[in-house]
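# An overview of the molecular structure
Residues per chain, in single letters:
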Amino acid sequence: SLEDALAALAEIGLCLAPLGSKVRTVRSCSGLLCPNARQDSVGDARRLNDLFSGREVPRPFRMSVSACRNSCAESMLQDVGFIGTSDGYNVYVGGKAGGTPIIGTLAAKGVDASRMPDVVGAVLAVYEREAGEREQLYKVIARLGIAIFETAIKEVLNNNQDKESE
């Protein structure tokens, strides 16, 4: 049965990847296996995947996490991409791969790994609120500008800092 097959896959640590208009499986590079790594991209990508993969969105939504500036996971070409630095992650929003690639906009610097879900949640909230039917993120940004996303990211990061200082 399908349930048995899914259980067998789960038993060995595999699962079916979400398809369609959903948050896709989060990609990462080899992470701490690489001598250039500045962050644990594999662990951080897994945490994001567990939180967001499969969520319904207007169009397929892709994320990746790279451990260093080499960006082996092509993080600048994703809807949301994280590139590891010694100070945390630089966050890129609105990239697109394919025949006419678009490099995402650097929307935040030095984001701690613990705050990555807040950043993704902020981007998704704006995207879901503002996107037209089946409109991709980069098209929403072209229509509205990047500032609305940068503001949402800054707000969640500032709220987290306020909570930590209490």
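None of these values were measured; they are calculated from a predicted model.

## Structural notes on the overall build of the chain
Helix and strand content of the chain: five helices and five strands. Along the chain direction, N to C, the helices and strands of the chain fall in the order α-β-α-β-β-β-β-α-α-α. Expected size for 166 residues packed as a compact globule is a radius of gyration near 15 Å; at 16 Å, the chain falls within 12% of this value. Each of the three principal axes of the chain carries a C-alpha extent, and together these read 50 × 40 × 40 Å. Per-residue burial over the chain gives 43% buried out of 166 residues. The long-range share in the chain, meaning contacts at least 24 apart out of those at least 6 apart in sequence, stands at 53%. As presented, the chain carries roughly 9,000 Å² of accessible surface, and 51% of it is formed by carbon and sulfur atoms. Positive and negative side-chain charges in the chain, numbering 19 and 21 respectively, have mean positions lying 7 Å apart.

## Focus: a nonpolar patch on the surface
The grouping of Leu 2, Leu 6 and Leu 16 at the surface amounts to a nonpolar patch, some 290 Å² of accessible area in total. Here Leu 16 shows up in the loop between helix H1 (2-11) and strand S1 (27-28). The exposed category is assigned to Leu 16, whose relative accessible area is 56%.

## Topic: the sheet that holds strand S3 (residues 80-85)
Here five strands make up an open sheet; going across it, the order is S1-S2-S3-S4-S5 and the pairing mixed. Of all the strands in the sheet, the pair left with one neighbour each is S1 and strand S5 (105-111). Packed onto the sheet, helix H2 (residues 41-52) meets S1, strand S2 (63-66), S3 and strand S4 (88-93) and runs at close to 160° relative to S2.

## A closer look at the packing of H2 against helix H3 (residues 116-130)
Where H2 meets H3, the closest approach of the two axes is 10 Å, and the angle between their N-to-C directions is 45°. On the basis of their axis angle, the class for H2 and H3 is oblique. By crossing handedness, the relation of H2 to H3 is classed as right-handed. Taken together, the residues of H3 that come into contact with H2 (itself represented by Asp 44, Leu 48, Leu 51 and Phe 52) are Met 116, Pro 117, Val 120, Gly 121 and Leu 124. Residues belonging to the contact of H2 with H3 are distributed by class as follows: seven nonpolar, one polar and one charged.

Rules of the game
Residues numbered from 1 in each chain as written. Predicted model: local features only at pLDDT ≥ 70, side-chain atom pairs only at ≥ 80, totals over all residues. Heavy atoms only, no water. Helix = DSSP H or I, 4+ residues; strand = E, 2+ residues; numbered from the N terminus. Rg over C-alpha atoms; globule rule 2.2 N^0.38 Å. Buried < 20%, exposed > 50% of the residue type's maximum accessible area, 1.4 Å probe, protein only. Contact = heavy atoms within 4.5 Å. Areas by Shrake-Rupley, 256 points an atom, 1.4 Å probe, with all protein chains shown as cover. Lys, Arg positive; Asp, Glu negative; His and termini not counted. Charge placed at Lys NZ, Arg CZ, Asp CG, Glu CD. Patch = residues over 30% accessible without salt bridge, like charges linked within 9 Å, V, L, I, M, F, W, Y side chains within 5 Å. Salt bridge = Lys/Arg side-chain N within 4 Å of Asp/Glu carboxyl O. Pairing = 2+ DSSP bridges. Axes fitted to C-alpha atoms, helices over the stretch in contact; angles between N-to-C directions. Parallel < 35°, antiparallel > 145°, perpendicular 65-115°, else oblique. Left-handed = near helix turned anticlockwise from the far one by under 90°. Nonpolar A, V, L, I, M, F, W, Y, C, P; charged D, E, K, R; others polar.

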